[in-house]
Amino acid sequence: MISKFNFASLLIDWSDQNIRKLSWRYEKDPYKIWISEIMLQQTRTKHVESYYQKFLQKFPNIQSLAKSNIDSVLQAWEGMGYYSRARNLHNTAQIVVKEFGSKFPATPHELIQLPGIGEYTSAAIASFAFEYPIAAIDGNVIRIITRVFGLAIDVNNIYGKKTIREIANHCLGNCKSSLFNQAMMDLGAQVCISKYPKCDKCPFGKICIAAMNEITHELPLKKPKPKLKNRNLHYVIVKDSKSKGLIRKRISQDIWKGLYEPLLFETRTPKYLEEDQLKELICKEIKGRPGIVVTEKKRFTHLLTHQKLMVHFYKISVAKPLILKNNSGYLIQSLKNFENFAFPRIVRKYINF
Ligand code: SF4
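The rules behind these values
Per chain, the residues get numbers from 1 upward, laid out in the order the sequence is written. Local features are withheld for residues below a pLDDT of 70 in this predicted model, meaning they are given only at 70 or higher, and side-chain atom pairs are given and counted only at 80 or more; totals for whole chains, interfaces and linings count all residues. By convention in this description, side-chain values take in all heavy atoms of the structure and omit both hydrogens and water. Each domain span listed reflects an automatic or database assignment of domains. Contact criterion: two residues are considered in contact whenever any of their non-hydrogen atoms come within 4.5 Å of each other. Here's the idea: put two parts together, see how much 1.4 Å probe accessible area each one loses, and the total over both is what we call buried area. In what follows, salt bridge is the name for a side-chain nitrogen of Lys or Arg lying within 4 Å of a carboxyl oxygen of Asp or Glu. A run of H or I in DSSP counts as a helix once it spans at least four residues, and a run of E counts as a strand once it spans at least two, with each numbered from the N terminus. When accessible area is computed with a 1.4 Å probe and restricted to protein chains, residues below 20% of their type maximum are described as buried, those above 50% as exposed, and intermediate ones as partly exposed. Only a single heavy atom is needed: when it lies within 4 Å of a molecule or strand, its residue is near that molecule or strand. Computed over the protein atoms alone on a 1 Å grid, cavities are sets of points where a 1.4 Å probe fits but cannot get out and pockets are open sets with protein on both sides within 12 Å along at least five of seven lines; a residue lines them when it has an atom within 4 Å of a point. Pocket or cavity membership: a molecule qualifies when more than half of its atoms sit within 2 Å of the grid points of that site. Residues were grouped as follows: Ala, Val, Leu, Ile, Met, Phe, Trp, Tyr, Cys and Pro as nonpolar; Asp, Glu, Lys and Arg as charged; and all remaining residues, including Gly, as polar. Grid points are joined across faces, edges and corners, and a volume is the space filled by probe spheres set on the points. For the purposes of this section, nonpolar cores are sets of buried Ala, Val, Leu, Ile, Met, Phe, Trp, Tyr and Cys residues that join through side-chain atoms within 4.5 Å. Being paired, for any two strands, means DSSP has found at least two bridges between them. The axes are straight lines fitted to the C-alpha atoms, using for helices just the contacting stretch, and the angles between their N-to-C directions are given from 0 to 180°. Angle categories are assigned with fixed cut-offs, so that under 35 degrees is roughly parallel, over 145 is roughly antiparallel, 65 to 115 is roughly perpendicular, and the rest are oblique. A crossing counts as left-handed when the near helix is turned anticlockwise from the far one by less than a right angle, and as right-handed when that turn is clockwise. Any N or O atom pair separated by 3.5 Å or less is treated as a polar contact, with the protein-specific requirement of one donor-capable and one acceptor-capable atom, and with residues adjacent in sequence counted only for side-chain atom pairs.

### Quick notes on the domain arrangement of the protein
Split by domain assignment, the protein resolves into domain 1 (4–218) and domain 2 (229–351). Using only C-alpha atoms to locate each centre, domain 1 and domain 2 end up separated by 38 Å. Taken together, the contact pairs nine residues of domain 1 with 15 residues of domain 2. Around 930 Å² of area is buried between domain 1 and domain 2 when both sides are counted, 44% of it from carbon and sulfur atoms. Sorting the residues of domain 1 by area buried against domain 2 places Q75, E78 and Y83 first, and these three jointly supply 46% of that buried surface.

### Some thoughts on the pattern of salt bridges
This structure, assessed with the given rule, holds 14 salt bridges. Note that D186 is salt-bridged to R25, the shortest N-O span being 2.8 Å. Of the two residues, D186 sits in helix α11 (residues 177–190) while R25 sits in the loop between α1 (4–18) and α2 (30–40), which places them 161 residues apart along the sequence. Take D186 and R25: they sit in the same class, and that class is buried. One salt bridge connects R289 with E280, and the closest N-O pair in it is separated by 2.7 Å. On the basis of relative accessible area, R289 is assigned to the exposed category, the value being 53%. Look at the salt bridges and you will find they share partners, linking R231, R248, R250, D254, E261 and E266 into a network.

### Concerning the site of the ligand
In the neighbourhood of the ligand, the contacting residues comprise R147, V148, V191, C192, P197, C199, C202, G205, C208, A211 and T216. At a threshold of 2 Å from the grid points, most atoms of the ligand map onto the largest cavity. A breakdown of the residues in the shell around the ligand according to their chemical character gives eight nonpolar, two polar and one charged.

### Brief notes about empty space enclosed by the protein
Tallying each qualifying case throughout the model produces one cavity of 30 Å³ or more. Looking at the largest cavity, its volume works out to about 90 Å³. Lining the largest cavity are 13 residues, with V148, C192, C199, C202 and C208 positioned closest to its centre. When residues in the lining of the largest cavity are grouped by element, the largest group, three residues, is from helix α9 (residues 139–148).

### Describing unusual backbone geometry
With an omega dihedral of -5 degrees, the bond running from L219 to P220 counts as a cis peptide bond. Within the fold, P220 resides in the loop between α12 (209–212) and β1 (229–239). Positive phi, normally seen in glycine, also occurs at Y26, with a value near 70 degrees. Relative to the helices and strands, Y26 resides in the loop between α1 and α2.

### A few points about the nonpolar core
Soluble globular proteins: nonpolar side chains tend toward being buried together. Counting 77 residues, the largest nonpolar core has Y31, W34, I35, F55 and L65 as the members making the most contacts within it. If you tally residues by element for this core, the top one is helix α8 (residues 119–130), at seven residues. Each of domain 1 (4–218) and domain 2 (229–351) contributes no fewer than three residues to this core. Listed in part, the 33 residues of the second largest apolar core include I142, L172, F180 and L187.

### Quick word on the environment of F59
Turning to its location among the elements, F59 is positioned in the loop between α3 (45–58) and α4 (62–66). Taking the C-alpha atoms as reference points, F59 and I70, eleven residues apart in sequence, are found 12 Å from one another. Dropping the residues within four chain positions of it, F59 is found in contact with Y31, S64, L65, S68, S72, V73 and A76.

### Brief notes about the sheet that holds strand β3 (residues 260–261)
Here we have three strands laid out as an open sheet, ordered β3-β2-β7, and antiparallel in their pairing. The sheet is open, and its two borders are formed by β3 and β7 (331–334), each paired with just one other strand.

### With respect to the packing of α8 against α11
At their nearest, the axes of α8 and α11 sit 8 Å apart, and the two run at 130 degrees to each other. Considered as vectors, α8 and α11 are oriented oblique to each other. Between α8 and α11 lies a crossing of left-handed hand. For the pair α8 and α11, contact is made by Y120, S127 and F128 and by S177, S178, N181, Q182 and M185, respectively. In terms of residue class, the contact of α8 with α11 is built from three nonpolar, five polar and no charged.

### A short note on α9
Of all ten residues that make up α9, nine are buried, and the element is covered over most of its length. Of the positions making up α9, those classed as buried are N140, V141, I142, R143, I144, I145, T146, R147 and V148. With a side-chain oxygen positioned 3.1 Å from the backbone nitrogen of N140, the residue opening α9 is D138. Two residues or fewer past α9, G150 is found with a positive phi of approximately 60 degrees.

Here it is, written out as structure tokens:
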């Protein structure tokens, strides 16, 4: 087996020549590292770059994030998806301010207790900000370790995770953990990629078991894909005679919690609603029975991690001003004012009348 000294030194030598220039590279402020790491969960690096700076302009430190309104955090997050990350950021900021005197804890053990911070993120923050000696294990690291050491193990069970963690920490040895972890991420993102790894450009090319045996496509072992739940959503975007429409905040334990949406109806089958059905839906929320005109309808498939959504949109003009029924859960807002609310990305794309 490759010695820990060889592994880390080969990696760091490669990294010296190939480091990626990212906005958060060399950052030592745990707040900024935390923001970048949460953004990078499930989101591509390029996409994060544009959001990272804007988010920090709006919330430059943990205190500003903690005292902000959750709606403004969700709005700054709009377009990133996986909105539970934004809610956890807000929640964690309040805990760090109240319980840790606005100072981030410095150990993975303490960090992992905070909402939205898992094993990888706690190790990343502790190593990048505080040089805590720990390997941060993400998908990149799992790919490199299983391939270099030829490990055909299930990396999703406890035994597999423990094996990867032990080998990665063994490889880290006495190397500076921030350099080691950044180099592993860069190598996984640029060279040891999922499909067609660039073994000729890799510092481990001559010793990697998967490369030498031409089995890189087999490692790491693939986990079975989860079955997607199919849902059919119908968004009814109403415009009244004063250019106002109906929106509400999503409050149930479901996708997009905390974001806003137009009038919603969900069906079992992916079939457009008839005009009569649309009118009934609108009249459930407003007083009177004004005439409606369906000006446009479209539908799109939208994939989430565990759900496949068929999202139908209807644009509807109502000839009179909208007046809500007393028990309606919706708000009447000027269509122009919609830009001040956070909507799911697919809804934002289509909501402008
Ligand atoms: S040699 Fe190829 S498969 Fe092995 S770690 Fe490098 S890029 Fe990955």
